[in-house]
Amino acid sequence: MADGIRIEPDLNFIRYMKSAGGESLKKCFQCATCSVVCPLASDENPFPRKEMIWAQWGLKDKLVADPDVMLCHQCGDCTAYCPRGAKPGDVLGAIRAYAYMSNGFPQGLAKLCSSGKNLPIMIGIPAILIAVIWFLSGGMHLPTKEVLGEAGFGHFFGEGMSLGGLLTKNVTLIDMIFLPVAGFALFAAYKGAASMWKQMVANAGGNDAFRPSAKQFVVDFLWPSIVETIQHKRFNECGTNQNRVQGHLPLMLAFIGLFIVTNYAFIVKDIIGYWVHGLHGPISQMNPVKILANVSAIAMIVGVGILWANRSKMEEEQGVTPTFYDWFLIGEIMAVGITGLVAEITRLIGIPVLAYLFYYLHLVSIFMLFFYMPYTKFAHMIYRTVAMAFERYRESGFVK
Amino acid sequence: MNKKYSAYICTGCGIGDALDIEALSGVVSGEMSMGCKTHAALCSADGRALIENDINSDGVNTVVIGACSPRVMQDEFNFGGDKITVRANLREQAVWCQGEEPNAEYTQELASDYMRMGCTQAKKTELPEPYKLETINKRILVMGGGVAGLTAAKEAAAAGYEVMLVEKAASLGGKAANWRMQFPSKAPWTNLENPSIQDLISAVEADSKIAVKTANEVARIAGAPGNYSVTLKAAGTKSEWDAPAKVTADEQDKIDKGEMENPNTGLKNYMEANPAAEKYGAVVLATGWNPADVSEFEHLGYGKIDKVVTNAQFEKMAKDGKVPARVAFIQSPGGEEHDKDFPFCNSVTSMVALKQAQYVCADNPDGKAYILYQHMRTPGHMELFYKSAQNADGIFLTKASVTGVEDNGDGTLLVSAKNTLLNQDINIQVDMVVLAAGMVPTTHDAPTINLSYRQGPAFLDLELFDGYADSNFVCFPYESRRTGVYPCGGVRKAATMEETIDDATGAALKAIQCIESADRGVAVHPRSGDGSFPEFFFQRCTQCKRCTEECPFGALDDDEKGTPQPNPTRCRRCGTCMGACPERIIGFKNYNVDMIGSMIKSVEVPDDDEDKLRFLVLVCENDAYPAIDMAGMRRLGINNLVRFIPVRCLGSVNMVWIKDALSSGMDGALLLGCKFGDDYQCHFVKGSEIANKRMDNIGETLKSLGLEPERVTARDVAINEYHRVPEIIKEFVDEIIALGPNPFKGF
């Protein structure tokens, strides 16, 4: 019997890749220029040359178990230097999109998020859900200027208390919508990342019987990866698209800032507010947390704006293929930032109709950001961090 | 021709600065008793007017020009076909090759010798008189009715020539009639095309200038260009007019003594004329190729596993119906041992695999075609075809060493490959394996051309070309070792239809060139337009057969006694026969044993000066002579004790010239020619090789005379190796200086 591995190309995978931004994948003729320019490639690991032929041959199992695919941050050097126009950077993006979809839990939702055709449904779900709750809450009427000025959006989902006077009706409903969404997204992301980890371990020849403890995992593998990400160390090694750091770094810091603000608001309004009344109005603009929120919001818009411009430029100058996968995230974050900012400004200057409209849109876009996070490009924050952790794990005694 | 001489020396290009022109003129007018004039730029209008004036007013008809190399200014110094112009190369080979430390005295002696040789040549040369056939037949025979033959017939007819197309099979079309699709022939070079062969067949059949004979083949071709006698016969039959096999002189002896059976029993003698034969002027050989037998590569299972087929068989399947959904195309049979492709495949099988892989995808919605190659060869525009095929979802390409094909027993096969681009050893389950079998030229297995020549019915030395009928692929495409026979298409190389069409058009033009040259009595190639031809003084012929045997082009037949029977229209005017003849009875009007011998003897050899040695270098005018000129143009500096004499080919060097040189006191002789052997560069295929053999023999003769054999040697140099020339000459001269002067000097 012949030794060697039985190869069975998956034509559907190739067709998917071609539809998801990797239509150039078959053009690669394995010259390895990409591996020469890629900072991730080593002599033993000709990245992304080997991924290109795996993709050409439709070997999806090898690709989804390949941490290198997740480690690539699409600097664009390979695409810029490719003599054949095979656009390895785009192909890798498509592979990641496929990986998010194939690892995604539940599969139905993951598939929904894999194509721009489904965008109306993706918007429709939160738009209708929130509109229905808004309608049922009895808050679906325009406040007066004074109410808006005093309570902000505190009466958006109606006035009064709920849960037997524990929380305001508004806070209750917001929590009812967003806590399950956030929890579900985290759980789905965990399931996806775990599925990827398992395949990577199997592929790397790791031993399942000998695993790191949770503490070891976090201390030795996960935390250093997070630190590295925050420092943008690898991003800075990028050649062709160096200035993407200028967009990505403020954007990431903005998300951290907004994460802090959201947690502050949650603790103050939803937990402390349980005992202390009067905390449910808008936070003062002089409050350091509010300042952080506003700075973060602006950083977010500026950051994503830079990435937007950058991507347009890449598409124009380097022939990078525009994909739903890339533009959904950019558009989504932009939507979150703009709707939030407009809602806040119109609230402050007192235009109830615009304030409420944008607040509604803001809730819809935030819903989408969280809910679809595990299946869209936003998932890179999970998968990439896990892949970086895996990279450390692979080099550790657990595998070697 | 009553010759009236005049010599001219040009003083331009530095000649006048380096030489004492007055003394040089003195040599011409004194020793050579020839009028001599000088001019500052002979090639200028003024300079030419000087010569033309002498021609017109004084009746000068033989002009000696001491100026630049005969390779340049040929139009400027052409005074008409009825005038003789001899060039003495004072510039490149005397003045310009003085080197960094010129020795005026030596250079002057060198230039004087070139003028002496030029004047001597002028005296010995005659105007050539072209050889004319009594009747010329301009009809062209095309052998083979495939793409190549049909195209050649069509193109020759379009140029106004009558054509006879002979096809062995019952119908026209050849291999191309079996293709399902063809390679792209136009932009964007990505789409397979429907077969076009029927259009070509219709065009040929409708052409009133083309006669077609199917189910026929050539029994023998006798005669020579412009006058071939061709006997046809029904395909697959035997005829008494079949071309006789070659019988060497030794074999003939054995046959005569009854020690060997005559292979040609029952066949007409090769010289016998068939009164029923048809007359032709030239032949286009388009007999194509046969699919190679690939059963020798046992690990690939051909012949043992019925799902392992050749590309030709797969094409037929694809034409007849649907092909299987999973097919592996194996391009290279070497496994882990070597990366060679199948023999005789050139680049064609790469493209065939790319084409046939598309059948797999076209016939099956989920078709998968695996192309496992060591080389993917898609020249020219076909790179675009490769790219487009590569872009298909279901075509998978990798470089690979295919190590085996096994039958799974369930109707599928398992192909194993190592060293793949996937960086692992792989197995692929397929429904069929297609082997990229090559295209074996018909000349590989049979004489095919069936010439009724003294040197046998086939082309010679085909092992140099793996059986392909060719002379020199780069320099002389379409030409074969037989003047008047022009191979094209698959018989010349494994070629695509597009290449074949170009090829066949070229061959048709070459056939026309041959007929027209024969009509004018001049050489076809490579000495196109040369009106001289070898003449034989038969009274002194000893029937030694050396000329008949050595002629690289089989131009000489013989009679019962062995007396050569020249066929001047087959001849390429290289002079190999002249070099071979021990009786020195063969010569050209303007190039003969006496002429070169006299030139050698005209060199002044000082017999009292041990420093002034003299060396003769006989130089191949096709490669070595230009190399020497280029060395001069680059001022590389060449030893000035040597005297260069250009010869048509080293094969034409008669060994008596070496004796002439040594007996006139010269100290050594060198033959400087082109490379020979497997990668030969000889314009006349065998000339330099034959010369080298003859030099080995003359070494023995010298020894018996008490001379060191090292005094006579041969070297090769390629046309682009001008930088080696000074070193080659220096080595040769130094070796002889070490031996000391010719002991016979002064006798």
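Definitions and cut-offs
Residues numbered from 1 in each chain as written. Chains lettered and ligands numbered in written order. Predicted model: local features only at pLDDT ≥ 70, side-chain atom pairs only at ≥ 80, totals over all residues. Heavy atoms only, no water. Helix = DSSP H or I, 4+ residues; strand = E, 2+ residues; numbered from the N terminus. Buried < 20%, exposed > 50% of the residue type's maximum accessible area, 1.4 Å probe, protein only. Contact = heavy atoms within 4.5 Å. Areas by Shrake-Rupley, 256 points an atom, 1.4 Å probe, with all protein chains shown as cover. Lys, Arg positive; Asp, Glu negative; His and termini not counted. Charge placed at Lys NZ, Arg CZ, Asp CG, Glu CD. Buried area = accessible area lost by both parts, 1.4 Å probe. Salt bridge = Lys/Arg side-chain N within 4 Å of Asp/Glu carboxyl O. Nonpolar A, V, L, I, M, F, W, Y, C, P; charged D, E, K, R; others polar. Patch = residues over 30% accessible without salt bridge, like charges linked within 9 Å, V, L, I, M, F, W, Y side chains within 5 Å. Pairing = 2+ DSSP bridges. Right-handed = clockwise from strand over helix to strand, strands pointing away. Axes fitted to C-alpha atoms, helices over the stretch in contact; angles between N-to-C directions. Expected span 1.5 Å × (residues − 1). Left-handed = near helix turned anticlockwise from the far one by under 90°. Phe/Tyr/Trp six-rings, centres within 6.5 Å; stacked < 30°, edge-to-face > 60°.

Peer 1: I keep staring at the overall build of chain B and nothing clicks. Help me out?
Peer 2: Assigned secondary structure in chain B consists of 20 helices and 30 strands. Its C-alpha atoms give chain B principal-axis dimensions of roughly 95 × 65 × 60 Å. Split into buried and exposed, the 747 residues of chain B put 59% on the buried side. Nonlocal contacts in chain B, meaning residues at least 24 apart in sequence, comprise 71% of its contacts between residues at least 6 apart. As displayed, chain B offers around 29,200 Å² of accessible surface, 47% of which is attributable to carbon and sulfur atoms. Across chain B, 77 positive and 103 negative side-chain charges occur, with their mean positions spaced 4 Å apart.

Peer 1: Would you explain the environment of Gly-699 of chain B in this entry?
Peer 2: Residues and elements named next belong to chain B. Secondary-structure assignment places Gly-699 in helix H19 (residues 687-704). Assessed through its relative accessible area of 10%, Gly-699 is described here as buried. Through-space distance from the C-alpha of Gly-699 to that of Arg-492 is 40 Å; in sequence the pair is 207 residues apart.

Peer 1: I would appreciate a short explanation of the interface of chain B and chain A in the present structure.
Peer 2: A common way to express how large an interface is: the accessible area buried when the components associate. In this complex, chain B contributes 31 residues to the contact, which on the side of chain A involves 27 residues. Where chain B abuts chain A, roughly 2,600 Å² becomes buried across the two surfaces, and 49% of that area is made up of carbon and sulfur atoms. When residues of chain B are sorted by the area they lose upon contact with chain A, Asp-393, Leu-422 and Asn-427 of chain B head the list and together hold 24% of the total. Applying the counting rule to chain B against chain A returns 5 salt bridges. Taking the shortest distance from any N to any O, the salt bridge between Asp-393 of chain B and Arg-15 of chain A comes out at 3.9 Å. Looking at the side of chain B that touches chain A, the elements that each hand over two or more residues are strand E15 (368-373), helix H11 (382-390), strand E16 (395-399), strand E18 (413-418) and strand E19 (426-430) of chain B. Split by residue class, the side of chain B that touches chain A holds 13 nonpolar, 9 polar and 9 charged.

Peer 1: Help me understand a nonpolar patch on the surface in this model?
Peer 2: Residue and element names in this part refer to chain A. A cluster of nonpolar side chains, namely Leu-142, Ile-345, Leu-348, Ile-349, Ile-351, Val-353, Leu-354, Leu-357 and Leu-361, defines an oily patch on the protein surface of about 760 Å² accessible area. At the level of elements, helix H15 (324-349) and helix H16 (352-371) are the ones that each hand at least two residues to the nonpolar patch. Among the elements that take part in the nonpolar patch, H16 stands out by supplying 4 residues, more than any other. In this structure, Leu-354 sits in helix H16. Assessed through its relative accessible area of 34%, Leu-354 is described here as partly exposed.

Peer 1: Could you clarify how one ought to interpret the pairing of E16 of chain B in this entry?
Peer 2: Look at any regular strand and the pattern is simple: side chains alternate between the two faces of the sheet. Residue and element names in this part refer to chain B. Within E16, 4 of the 5 residues are buried, which leaves the element mostly enclosed by the surrounding structure. Here E15 runs beside E16; their pairing, made up of 5 bridges, is parallel. Residue pairing in the sheet places Ala-369 in a bridge with Ile-395 of E16. For the crossover from E15 across H11 to E16, the handedness is right-handed.

Peer 1: How should I be thinking about the sheet that holds strand E10 (residues 278-280) of chain B in this particular structure?
Peer 2: All names here are of chain B. Strands sit in the order E8-E9-E10 across an open sheet of 3 strands; the sheet is antiparallel. Strands at the two margins of the open sheet, each flanked by one partner only, are strand E8 (216-224) and E10. Across this sheet, the average inter-strand angle for adjacent strands is 35°, counted without regard to direction. Relative to strand E9 (residues 227-234), E8 runs antiparallel, the two sharing 8 bridges. Bridge pairing in E9 places Val-218 opposite Leu-232.

Peer 1: Before we go on, may I ask you to explain H15 of chain A in this structure?
Peer 2: An ideal rise of 1.5 Å per residue puts 38 Å on 26 residues; H15 of chain A measures up with 36 Å between its terminal C-alpha atoms. A positive backbone phi angle near 80° is found at Gly-350 of chain A, which sits one or two residues after H15 of chain A.

Peer 1: Sorry if this is basic, but what is going on with the pairing of strand E29 (residues 668-673) of chain B here?
Peer 2: All names here are of chain B. With 6 of 6 residues buried, E29 is to be regarded as a mostly interior element. Alternating positions in E29 separate into two faces, Gly-668, Leu-670 and Leu-672 on one and Ala-669, Leu-671 and Gly-673 on the other, with burial throughout. Of the pairings in the sheet, the one linking strand E27 (residues 615-620) to E29 comprises 5 bridges and is parallel in character. Bridge assignment links Leu-618 to a residue of E29, and that residue is Leu-671. As judged from the 5 bridges shared by E29 and strand E30 (residues 712-716), these two strands associate in the parallel manner. Counterpart to Ala-669 in the pairing with E30 is Val-712.

Peer 1: Looking at this structure, how should I read the packing of helix H3 (residues 49-56) of chain A against helix H7 (residues 88-103) of chain A?
Peer 2: Think of two packed helices as two axes; the pair is described by the angle between the axes and how far apart they sit. Residue and element names in this part refer to chain A. At a minimum axis separation of 10 Å, H3 and H7 run at an interaxial angle of 60°. For the pair H3 and H7, the sense of crossing is left-handed. Of the residues in H7, those touching H3 at Glu-51, Met-52 and Ala-55 are Pro-88, Val-91, Leu-92 and Ile-95. Grouping the amino acids of the contact of H3 with H7 by side-chain chemistry returns 6 nonpolar, no polar and 1 charged.

Peer 1: What am I meant to see in the packing of aromatic side chains here?
Peer 2: Given two aromatic rings, their pairing is described by the distance between the two centres and the angle made by the two planes. Residue and element names in this part refer to chain A. Applying the stated criterion across every chain, the model contains 41 aromatic pairs over all chains. Seen from their ring centres, Trp-134 and Tyr-356 are 6.3 Å apart, and the 45° between their planes marks the pair as tilted. Of this pair, Trp-134 sits in helix H9 (residues 119-137) while Tyr-356 is found in helix H16, placing the two residues 222 residues apart along the sequence. Each member of the pair Trp-134 and Tyr-356 is classed as buried.

Geometric descriptors of this kind do not, in isolation, establish any biological role.
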